[in-house]
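If you want the building blocks of each chain, they are given just below.
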Amino acid sequence: MFRTLFVLAGLSVAALAQTPTNSSPKLAFVIPQLFGPDGLTLPNPTHEAHFDSAFQNNFGPFNSAIGSQLTSLPLPSPASGFTYSFDPALGVYTRSAQSYGPVLAERAETIGKEKFFAGFSFQHFRFGTLDGVSLHNFNSVFQHAQTTPDPIIKEDLITTNTFLDTKLDQATVFFTYGLSDRVDVSVALPFVNANLVVQSLATIQRIGTANDPTIHYFLDSNGNPTNHKTFTNSGAASGLGDVLVRIKGTALKTKPAWIALGLDVRLPTGDAYNFLGSGAVGLKPFIAISGRTKRVTPHVNVGYQWNDSSPLAGDIFTGTSGHLPNQLEYAVGFDAGVNKRFSFAADVLGQEIFHAQGVTPSTFTAANGAQFANNSFVRENANITNGSLGFKVNPIGTLLVSFNVLVQLNDAGLRARVVPLVGFSYTF
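Residues numbered from 1 in each chain as written. Predicted model: local features only at pLDDT ≥ 70, side-chain atom pairs only at ≥ 80, totals over all residues. Heavy atoms only, no water.

Undergrad: Please clarify how the overall build of the chain should be interpreted in this entry.
TA: A count of helical and extended segments in the chain gives three helices and 24 strands. Accessible area of the chain: about 18300 Å², with a carbon and sulfur share of 60%. (Helix = DSSP H or I, 4+ residues; strand = E, 2+ residues; numbered from the N terminus. Areas by Shrake-Rupley, 256 points an atom, 1.4 Å probe, with all protein chains shown as cover.)

Undergrad: Got a minute to help me understand the pattern of salt bridges in this structure?
TA: If charged atoms from side chains of opposite charge come close, those side chains can pair. For the coordinates displayed, the defined rule picks out 11 salt bridges. Its salt-bridge partner being Asp165, residue Lys167 comes within 3.9 Å of it at the nearest N-O pair. The class for Asp165 is buried, based on a relative accessible area of 9%. Three or more residues joined by partner-sharing salt bridges are found here, namely Glu106, Arg246, Lys248, Asp264, Lys284 and Glu329. (Salt bridge = Lys/Arg side-chain N within 4 Å of Asp/Glu carboxyl O. Buried < 20%, exposed > 50% of the residue type's maximum accessible area, 1.4 Å probe, protein only.)

Undergrad: Explain the side chain of Asn307 here, please?
TA: Of note, Asn307 is situated in strand S16 (residues 296-307). Within the structure, the side chain of Asn307 is placed 2.6 Å from the backbone oxygen of Pro325, a separation counted as a polar contact. In this structure, Asn307 is in contact with Thr71, Arg266, Val281, Gly282, His323, Leu324, Pro325, Asn326 and Gln327, ignoring residues within four places of it in sequence. (Polar contact = N/O pair within 3.5 Å; in protein donor to acceptor, adjacent residues only side chain to side chain. Contact = heavy atoms within 4.5 Å.)

Undergrad: What's the story with unusual backbone geometry in this structure? I'm lost.
TA: Among all residues save glycine, negative phi is the norm, and among peptide bonds the norm is trans. Positive phi outside glycine occurs at Asp131, with the angle close to 55 degrees. Along the polypeptide, Asp131 turns up in the loop between strand S5 (116-130) and strand S6 (133-134). The phi dihedral of Phe275 is positive, around 60 degrees, even though this residue is not glycine. Following the sequence through the fold, Phe275 ends up in the loop between strand S14 (257-267) and strand S15 (282-291). According to the relative accessible area criterion, Phe275 is buried, its value standing at 3%.

Undergrad: I'm lost on the environment of Asn404 in this one. Help?
TA: By the secondary structure assignment, Asn404 is in strand S22 (residues 399-408). According to the relative accessible area criterion, Asn404 is buried, its value standing at 6%. When near neighbours in sequence (up to four residues on either side) are disregarded, Asn404 contacts Val103, Leu104, Ser388, Leu389, Gly390, Val419, Pro420 and Leu421. A polar side-chain atom of Asn404 sits 3.2 Å from a polar atom in the side chain of Ser388.

Undergrad: Hey, could you run me through the nonpolar core in this one?
TA: Across soluble globular proteins, you tend to see nonpolar side chains buried next to one another. Among the nonpolar cores identified, the biggest contains 53 residues, and Leu40, Ile158, Leu168, Phe218, Phe275 and Leu414 are the most heavily contacted of them. Sorting elements by how many residues they give to this core places strand S9 (residues 183-205) first, with six residues. If you look at the next biggest cluster of nonpolar residues, it comprises six residues, including Val141, Ile207, Ala366 and Phe372. (Core = buried A, V, L, I, M, F, W, Y, C linked by side-chain atoms within 4.5 Å.)

Undergrad: Please clarify how empty space enclosed by the protein should be interpreted in this entry.
TA: Where empty space is left can be seen by rolling a probe of water-molecule size over the atoms. All told, the structure shown has five cavities of 30 Å³ or more when counted by the stated rule. Roughly 800 Å³ of internal volume is contained in the largest cavity. For the lining of the largest cavity, the per-class residue count stands at 26 nonpolar, 15 polar and eight charged. Of the volumes computed, that of the second largest cavity is approximately 160 Å³. Forming the walls of the second largest cavity are 18 residues, and the residues nearest its centre are Ile353, Ala356, Gln357, Gly413 and Leu414. Mapped by element, the contributors of at least two residues to the lining of the second largest cavity are helix H3 (60-71), strand S20 (342-365) and strand S21 (371-396). For the lining of the second largest cavity, the element with the most residues is S20, which contributes five residues. Tallied by class, residues from the lining of the second largest cavity come to eight nonpolar, eight polar and two charged. (1 Å grid on protein atoms, 1.4 Å probe; cavity = no way out; pocket = protein on both sides within 12 Å on 5 of 7 lines; lining within 4 Å. Points joined across faces, edges and corners; volume = space filled by probe spheres on them. Nonpolar A, V, L, I, M, F, W, Y, C, P; charged D, E, K, R; others polar.)

Undergrad: Looking at this structure, how should I read the pairing of S16?
TA: If a strand is regular, its side chains alternate between the two faces of the sheet. Side chains Thr297, His299, Asn301, Gly303, Gln305 and Asn307 of S16 all project onto a buried face; the interleaved residues Val296, Pro298, Val300, Val302, Tyr304 and Trp306 project onto a face where none is buried. As paired elements, S15 and S16 share seven bridges and run antiparallel to each other. The residue of S16 that forms the bridge with Ser290 is His299. Counted between consecutive antiparallel strands, the loop separating S15 from S16 contains four residues. Bridge count between S16 and strand S19 (residues 327-339): 10 bridges; the pairing is antiparallel. (Pairing = 2+ DSSP bridges.)

Undergrad: Could you clarify how one ought to interpret the environment of Gly128 in this entry?
TA: Structurally, Gly128 is set in strand S5. As a C-alpha pair, Gly128 and Ala416 span 288 residues in sequence and 5.7 Å in three-dimensional space. Ignoring any residue separated from it by four or fewer positions in sequence, one finds Gly128 in contact with Val133, Ser134, Leu135, His136 and Arg415.

Undergrad: For this particular structure, what's the right way to read the environment of Pro213?
TA: Locating Pro213 in the fold gives a position in the loop between S9 and strand S10 (218-219). The class of Pro213 is partly exposed, set by a relative accessible area of 46%. Each C-alpha atom, one on Pro213 and one on Asn227, is 8.6 Å from the other, the two residues being 14 residues apart in sequence.

Undergrad: What exactly am I supposed to notice about the packing of aromatic side chains here?
TA: The description of two aromatic rings rests on the distance between their centres and on the angle between their planes. Summed over the entire model, instances satisfying the criterion amount to 14 aromatic pairs. Seen in terms of ring centroids, Phe35 and Phe231 are 5.0 Å apart; in terms of plane orientation they differ by 75 degrees. Their pairing is edge-to-face. With Phe35 in the loop between helix H1 (2-17) and strand S1 (40-41) and Phe231 in strand S12 (residues 228-240), this residue pair connects regions lying 196 residues apart in the sequence. With a relative accessible area of 7%, Phe35 lands in the buried category. Their ring planes at 55 degrees and their centres at 4.9 Å tell us that Tyr426 and Phe428 sit as a pair that is tilted. Assessed through its relative accessible area of 35%, Tyr426 is described here as partly exposed. Its relative accessible area of 54% is what places Phe428 among the exposed residues. A cation over an aromatic ring shows up here: Lys253 above the ring of Trp258, its NZ or CZ 4.7 Å from the ring centre. (Phe/Tyr/Trp six-rings, centres within 6.5 Å; stacked < 30°, edge-to-face > 60°. Lys NZ or Arg CZ within 6 Å of the ring centre and 35° of its normal.)

Structural data, given as structure tokens:
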């Protein structure tokens, strides 16, 4: 086990050492380089027309939002559906819970001494909003850079309407081994396929040069001046994500409830520049409480996710890192053993992200009083709330097949409206 941890640590160092150049086709550069390596510029040879916007120069918040999301993608619980405890009266290990447990939350029971559990799951994320703002209809206003003394020319604007489509497919292999009757250790290995497509329609708003279309213009595919231009960029990447190592121990066993303490260690083994990983080491101590009723088992999880620095929260062009926001995470729900072959689980999952990068809709007022839709970037706490509904089926032996759906309950953060999950596992 320790040899494995050393290997994973070495992989994480190698991943952090990668600092791509500006010309690298990495996903983190898809948006910043949407309008070209020099930003949004116009082709007039007699006038330097460069337009600036928070979208172009400060869209690091989107990369930071991706990084924050990658620190907390809801992995399936590595706790086995079959848990065992030693019965001293009988001298054998017996099932300690009738339900097969939660899907995305954690139970207080451990797997049992020398028991081994292996599983696989697949999840699909399609992010559609950032703080409730549609990523398929994102408006930005670009102002003329202060490169000319003519105040009339500088009144012109460029407005953009942008479509961003971000998809992540996550296939996770996880293992759990019971070190003792009270302690087990788990490893989750996610494999991520990331896709990003961005398309933006830019329109010149001639506020100051209304009667002179020869100053600010685009060129179409035939080389003719035009007032509009569509910019497109995209990328895809696949590979190992951030490996998660968990140790959990049952601290207290009482008749009404069990209490367990645990620690998650997230290793930055995924390529952050390709949105395969967060780019930051993460530590999450947590507590898990499970009720001890016959059929319905309530459970509560509370953990604090501490994150180190990541290039996604810094400047990707210089390779400098910034601190990824820390998070308070919780889960409240229950799992119920409907019969010997079927159990149901429902949870409310919450994350309080501290000092997160977000966005808020705004309106930009031009020099002539015209108003244009815009979005402003802000830094504030974000509370992300999801509902989780799933079930587990035991077709034979200790094989479990799991189905789950994660449903968005509020607008904060970078969100996918619905996240399906399918998986299977086996306890040896």
